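# Survey of secondary and tertiary structure
The chain contents come next:
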Amino acid sequence: MKKIFLLGIMLLGLTGCTSIENNNIDSILNSSINSVVKTTNTNRLGYSYYLPKGIIVKKASDFNEILSDQKYIYYLYVDIVSYNSKILFNYNVNSLAYYSKSLNNNTKIGYIEINNYENDKYLIEIMYNYAKIEVIAYEEDINKVTAFAISILSSITYNNNIIENYLGEDIFQSSEEKYDIFEIIGSDNYLEFTEDEEEFEEVIDPDYIK
């Protein structure tokens, strides 16, 4: 019975991976942003989010993080200032991009733009829910990477009280570098973290299979 149970779990996992690979990007995006599931497992200053299995935190400061799935690096930026001010953003679809789309689900807005970076590598930029993820991936992995990124961004939950208290202390007047999540970087000016980011202890998911 135990062997049958474990086999069932493995089959479910494989089915999920196959589903992502066979779906198109539109289906992956719609499934995530329209999900009614609300859960988080990673707490930060003023916000929390769901870190999918297979993703680890490599480095982080208060609002910038470097995540990894052992193959790719994901740069996450969270903009609590824009969230607190409820800044609106209009995205114009880029007909020259590999993929370009405006994202909108009630109060959550954003965009996804995928451009060729070099050879068969692509720069994937997703801005949604007042946060942004950038990652470079091979074309064959675009669906998987997009699914990871949009699931993280969709799950971000903000704590209004903490954010208001934090912003009230004028901490953003400090020398900490700010990042414009609304900026479309494209393939010519890929932004990376600086070396002096505060480092978090790396936590490897025990369920991750290399």
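Up top is the structure.
Residues numbered from 1 in each chain as written. Predicted model: local features only at pLDDT ≥ 70, side-chain atom pairs only at ≥ 80, totals over all residues. Heavy atoms only, no water.

## What to know about the environment of Leu153
Let me state the cut-off plainly: Strands here mean DSSP runs of E at least two residues long; helices mean DSSP runs of H or I at least four residues long; both are numbered from the N terminus. For each residue, the accessible area found with a 1.4 Å probe, counting protein chains only, is set against the maximum for its type, and the residue is called buried under 20%, exposed over 50%, and partly exposed in between. When checking whether two residues touch, look at their non-hydrogen atoms; a contact exists if any pair is within 4.5 Å.
Considering the arrangement of structural elements, one finds Leu153 in helix H4 (residues 142-155). Exposure remark for Leu153: the relative accessible area of 0% places this residue in the buried category. Leu153 sits 77 residues away from Leu76 along the chain, and the two C-alpha atoms are 8.9 Å apart. Contacts of Leu153, omitting those with residues within four sequence positions, involve Leu76, Ile126, Tyr128, Asn129, Ala131, Lys132 and Ile133.

## A few points about the sheet that holds strand E10 (residues 157-158)
Condition: When DSSP finds at least two bridges between two strands, those strands are taken to pair.
The strand order across the open sheet formed by 3 strands is E1-E2-E10, and the pairing between neighbours is antiparallel. The open sheet terminates on both sides in strands that have one partner only, identified here as strand E1 (42-44) and E10. Two strands pair when backbone bridges link them, and strand E2 (residues 47-49) and E10 are joined in this way by 2 bridges, in the antiparallel orientation. For Ser48, the partnering residue across the bridge sits in E10 and is Thr157.

## Considering H4
Stated precisely, the cut-off is as follows: One less than the residue count of a helix, multiplied by 1.5 Å, gives the span that helix is expected to have.
Compared with the 20 Å implied by 1.5 Å per residue over 14 residues, the 20 Å span of H4 between its first and last C-alpha is a close match. Counting buried residues along H4, 12 of its 14 residues qualify, which places the element largely inside the surrounding structure. The complete set of buried residues in H4 reads Ile142, Asn143, Val145, Thr146, Ala147, Phe148, Ala149, Ile150, Ile152, Leu153, Ser154 and Ser155.

## Let's talk about the pattern of salt bridges
What counts, and what does not: The salt bridge definition used is simple: a Lys or Arg side-chain nitrogen within 4 Å of an Asp or Glu carboxyl oxygen.
The tally for this structure, following the rule as stated, stands at 5 salt bridges. Across the salt bridge formed by Asp26 and Lys101, the nearest N and O atoms sit 3.4 Å from each other. In this pair, Asp26 is assigned in helix H2 (residues 25-33) and Lys101 in strand E6 (residues 99-105), connecting sequence segments 75 residues apart. In this structure Lys101 comes out as partly exposed when scored by relative accessible area, which is 22%. Salt bridges linked by common partners bring Glu125, Lys132 and Glu134 together as one network.

## What to know about H2
Going by this rule: Arc definition: directions from the helix axis to the C-beta atoms. Within 3.5 Å is the distance limit for a polar contact, defined as a pair of N or O atoms, with the added protein rule that one can donate a hydrogen and the other accept it, and that residues adjacent in sequence qualify only through two side-chain atoms.
Every buried residue belonging to H2 is among Ile25, Ile28, Leu29, Ser32 and Ile33, and all of these are buried. Projected onto a plane normal to the axis of H2, the buried residues spread over an arc of 110° and lie on a single side. Between a side-chain oxygen at the N-terminus of H2 and the backbone nitrogen of Asp26 the separation is 3.3 Å; the capping residue is Asn24.

## Here we look at the packing of H2 against H4
Cut-off, in case you're wondering: Only the stretch in contact is used when a helix axis is fitted, and all axes are lines through C-alpha atoms; the angle between N-to-C directions ranges over 0 to 180 degrees. Oblique is the label for every angle not falling under 35 degrees (roughly parallel), over 145 degrees (roughly antiparallel), or within 65 to 115 degrees (roughly perpendicular). Crossing chirality is assigned from the near helix's rotation relative to the far helix, an anticlockwise turn below a right angle marking it left-handed and a clockwise turn marking it right-handed. Asp, Glu, Lys and Arg are counted as charged, while Ala, Val, Leu, Ile, Met, Phe, Trp, Tyr, Cys and Pro are counted as nonpolar; the rest, among them Gly, fall into the polar class.
Two elements in contact, H2 and H4, have axes whose closest approach is 9 Å; the angle formed by their N-to-C orientations is 20°. With respect to their mutual orientation, H2 and H4 come out roughly parallel. Like other packed secondary-structure pairs, H2 and H4 cross with a definite hand, here right-handed. Where H2 abuts H4, its residues Ile25, Ile28, Leu29, Ser32 and Ile33 lie against Ile142, Asn143, Thr146, Ala147, Ile150, Ser151 and Ser154. Of the residues belonging to the contact of H2 with H4, the class tally is 7 nonpolar, 5 polar and no charged.

## Here's the deal with the packing of aromatic side chains
Filter applied, for reference: Ring pairs shown here join Phe, Tyr and Trp side chains whose ring centres sit within 6.5 Å, with only the six-membered ring taken for Trp; geometry is labelled stacked below 30 degrees between planes, edge-to-face above 60, and tilted in between.
In total, this model carries 9 aromatic pairs according to the counting rule given. Judged by centre distance (4.7 Å) and plane angle (10°), the rings of Tyr91 and Tyr111 are stacked. On the criterion of sequence distance, the pair formed by Tyr91 in the loop between helix H3 (80-85) and E6 and Tyr111 in strand E7 (residues 108-118) is long-range, its members being 20 residues apart. The exposure classification of Tyr91 matches that of Tyr111, with both residues buried. Here the aromatic cluster, defined as three or more aromatic residues joined through ring pairs, consists of Tyr47, Tyr49, Phe63 and Tyr166.

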